[in-house]
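The residues making up each chain are set out below.
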Amino acid sequence: MAAIMGASLSMAAAAQETLKIGEINSYKTQPAFLGPYKNGMDLAVEEINKAGGINGKQVELVIRDDNSNTGDAVRAVEDLLARDKVDVLTGTFLSHIGLAVTDYAKHKKVFFLASEPLTDKIVWENGNPYTFRLRASTYMQVAMLVPEAVKMNKKRWALVYPNYEYGQSAVATFKKLLKEAQPDVEFVAEQATPLGKVDAANVIQALADAKPDAMFNVLFAADLAKLVRAGTQRNFFKDLSVVSLLTGEPEYLDPLGNETPEGWVVTGYPWYAIDTPEHKKFLDAYQAKFNDYPRLGTIVGYSAIKSLAAGIEKAGSTETDAMIKAFKGLEVETPFGQIMYRPIDHQSTMGAYVGKLAKKDGKGIMVDIRYVDGADVQPSDEEVKKMRPAD
C-alpha cells in the first residue's frame, strides 16, 4: 500500500513539474508549412527545457490535427482541455479554423495564442480578451506590398485568390489601400478559386481576356504552382507586373524551382540572406538539430513557443486572467528581432520580408530584400477601436 501511495505521489509530482502546451493545426492538409512549423516548436521546447523550463516546469507539447475542418478543430480543442489537461492553447493555420478556435476561447474563457492564421478578424471584428495573434496579419502584409504596387504605376489590375476568409480579406484590403493611394486604378478581373482545387488553365484564360497590365495574387502551395505553370505556358506573365502575397516563403517558392517567375514582388522569408545576430543564432541552432534550412513556418512555430514561455514567466502561472494581463505589451525576442503584443488589439508586431523573385542555380530566391516591421503597417489606434469590440 505504501509503495502504491509513493508511486501515486511521484506521478503527481511529475505532473506538477510538466507544463502542457496544447497545439492544434492542419498537419495532414498543409504539410509543407506545418512540418517545418513543428520543427520550430520542437527546437524552442528543447532550448527552454535545457535552460530549466518555464517557472521550473519542463514543457511538453500535446498536438492534435484539425483536418482543416472547424467542427473537428473545436472537438480537438475540447479534447486537449478536458482529457489532456493542457495549460494553454496555441496553433491553427487556416483562417476559418483560427476564427473557430478564437470563438471557442471567447465562450469558454480560455487563453489562446493564434500562431499562424492571417485573417484580420481574429484581432479586429472577432477580437476578444482571450485571443492573441503572433504572425503579421493579412492587412499588415498587404500594406507592405501596396507601396510597391503604387510604384509600378499600373492602372488595370487583375486579382486571383483562394475563396475563403484569408483570400477574401487580402483582396478587400488590397483594393482599399491601392484605391486610396492610386484613385484611378481599375480592377478588371477577379478570380476566386476553391482552396486546393484551382482550375489554373481556365483562371489564366479569364484573367488574360481582361487584358490587365498588373496582377495581385494570393494563391499559395499547390494552387500557386499550378497558376505559375499555366501562366508561363500561355505567356501570360510576359510584361505583366505582379504583386504576390506569401510567394517568397520557401514552403511555396522552393517547389517552383526553375519555373520561378522572376520580377514578382512578394512577401517571404529569405533565410539565406538575413544577416542579423538573432537570426544567425537561430539558423545555426536549427541547422545543427535538423540538418536542414528553416522555412517561414519554422519561424512561426519557434516564436509561438518562445512567446508562450515569455508570457507564462511574466504571468507567474497559466491562469487565464494572468496570461491576458501578461501578454498585453509583452516583448519577445524572436529570430526576426524583438516583437511586442499590442495591448489595443492583441496583435504582435512581427514583420515580414519584402523583395523580388529571381532565380539562382535553377532555384527561386528573393533579392532586393528589406524587413518591414509590423509596427509600421498597422492602422491607427482610432481605426482599430472602431473595428474591435471593447474587451
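Our subject is the structure listed above.
Residues numbered from 1 in each chain as written. Predicted model: local features only at pLDDT ≥ 70, side-chain atom pairs only at ≥ 80, totals over all residues. Heavy atoms only, no water.

Here we look at helix α8 (residues 221-233)
Turning to step 1, where the next piece is worked out: Across its 13 residues, α8 extends 19 Å between first and last C-alpha, which sits within 8% of the 18 Å expected from 1.5 Å per residue.
Turning to step 2, where the next piece is worked out: Along α8, the positions that sit buried rather than exposed are D223, L224, A225, L227, V228, A230 and G231.
Turning to step 3, where the next piece is worked out: Summarising the contacts, the buried residues of α8 are in contact with β6 (156-162), α7 (200-209), β8 (214-217), β9 (241-248) and α9 (250-253).
Turning to step 4, where the next piece is worked out: Phi for N235, located one or two positions after α8, is positive at around 60°. (Helix = DSSP H or I, 4+ residues; strand = E, 2+ residues; numbered from the N terminus. Expected span 1.5 Å × (residues − 1). Buried < 20%, exposed > 50% of the residue type's maximum accessible area, 1.4 Å probe, protein only. Contact = heavy atoms within 4.5 Å.)

Observations regarding the packing of aromatic side chains
Turning to step 1, where the next piece is worked out: Overall, the coordinates contain 24 aromatic pairs when judged by the stated rule.
Turning to step 2, where the next piece is worked out: Look at Y269 and F336: their rings are 5.7 Å apart centre to centre, the planes differ by 55°, and that puts the pair in the tilted class. One end of the pair, Y269, is in the loop between β10 (265-268) and α10 (277-290); the other, F336, is in the loop between β11 (331-334) and β12 (337-340), with 67 residues separating them in the sequence. A single burial state applies to Y269 and to F336, both of which are buried.
Turning to step 3, where the next piece is worked out: Three or more aromatic residues joined by ring pairs form one cluster here, namely F33, F93, Y164, Y166, F220 and Y252.
Turning to step 4, where the next piece is worked out: One residue, K289, lies across the ring of F290, its end atom 5.4 Å from the ring centre.
Turning to step 5, where the next piece is worked out: Positioned above the aromatic ring of Y293 is the side chain of R295, whose terminal nitrogen or guanidinium carbon lies 3.9 Å from the ring centre. (Phe/Tyr/Trp six-rings, centres within 6.5 Å; stacked < 30°, edge-to-face > 60°. Lys NZ or Arg CZ within 6 Å of the ring centre and 35° of its normal.)

Considerations on unusual backbone geometry
Turning to step 1, where the next piece is worked out: Look at K211: it is not a glycine, yet its phi comes out positive at around 50°.
Turning to step 2, where the next piece is worked out: Its location among the elements puts K211 in the loop between α7 and β8.
Turning to step 3, where the next piece is worked out: Despite not being glycine, D239 has its phi angle at roughly 65°, a positive value.
Turning to step 4, where the next piece is worked out: As for its position among the elements, D239 is in the loop between α8 and β9.
Turning to step 5, where the next piece is worked out: D239 sits in the exposed class, given a relative accessible area of 68%.

Digging into the side chain of T298
Turning to step 1, where the next piece is worked out: Turning to its location among the elements, T298 is positioned in helix α11 (residues 296-315).
Turning to step 2, where the next piece is worked out: We classify T298 as buried; its relative accessible area is 0%.
Turning to step 3, where the next piece is worked out: Among all residues touching T298, those that are not within four sequence positions of it are P36, Y37, G40, F282 and Y286.

Considerations on helix α12 (residues 320-327)
Turning to step 1, where the next piece is worked out: Buried residues of α12: T320, M323, I324, A326 and F327, and no others. Seen from one end, α12 has its buried residues packed into an arc of 165°, which puts them on one side. Those residues of α12 that are exposed and aimed more than 90 degrees away from the buried face are D321 and K325.
Turning to step 2, where the next piece is worked out: In this structure, the buried side of α12 is in contact with β3 (88-91), β4 (112-114), β5 (131-133) and α11.
Turning to step 3, where the next piece is worked out: Taking the backbone nitrogen of D321 as reference, a side-chain oxygen 3.2 Å away marks E319 as the first, capping residue of α12.
Turning to step 4, where the next piece is worked out: G329, located one to two residues past α12, shows a positive phi value of around 85°. (Arc of directions from axis to C-beta. Polar contact = N/O pair within 3.5 Å; in protein donor to acceptor, adjacent residues only side chain to side chain.)

Thoughts on the sheet that holds β5
Turning to step 1, where the next piece is worked out: Strands sit in the order β2-β1-β3-β4-β5 across an open sheet of five strands; the sheet is parallel. Since the sheet does not close on itself, it has two edges, and those belong to β2 (58-65) and β5, each with one partner. The average angle at which neighbouring strand axes cross in this sheet is 25°, direction not considered.
Turning to step 2, where the next piece is worked out: Sheet topology note: the strand β1 (residues 18-25)/β2 ladder contains eight bridges and is parallel. Note that in β2 the partner of N25 across the bridge is D65. (Pairing = 2+ DSSP bridges. Axes fitted to C-alpha atoms, helices over the stretch in contact; angles between N-to-C directions.)

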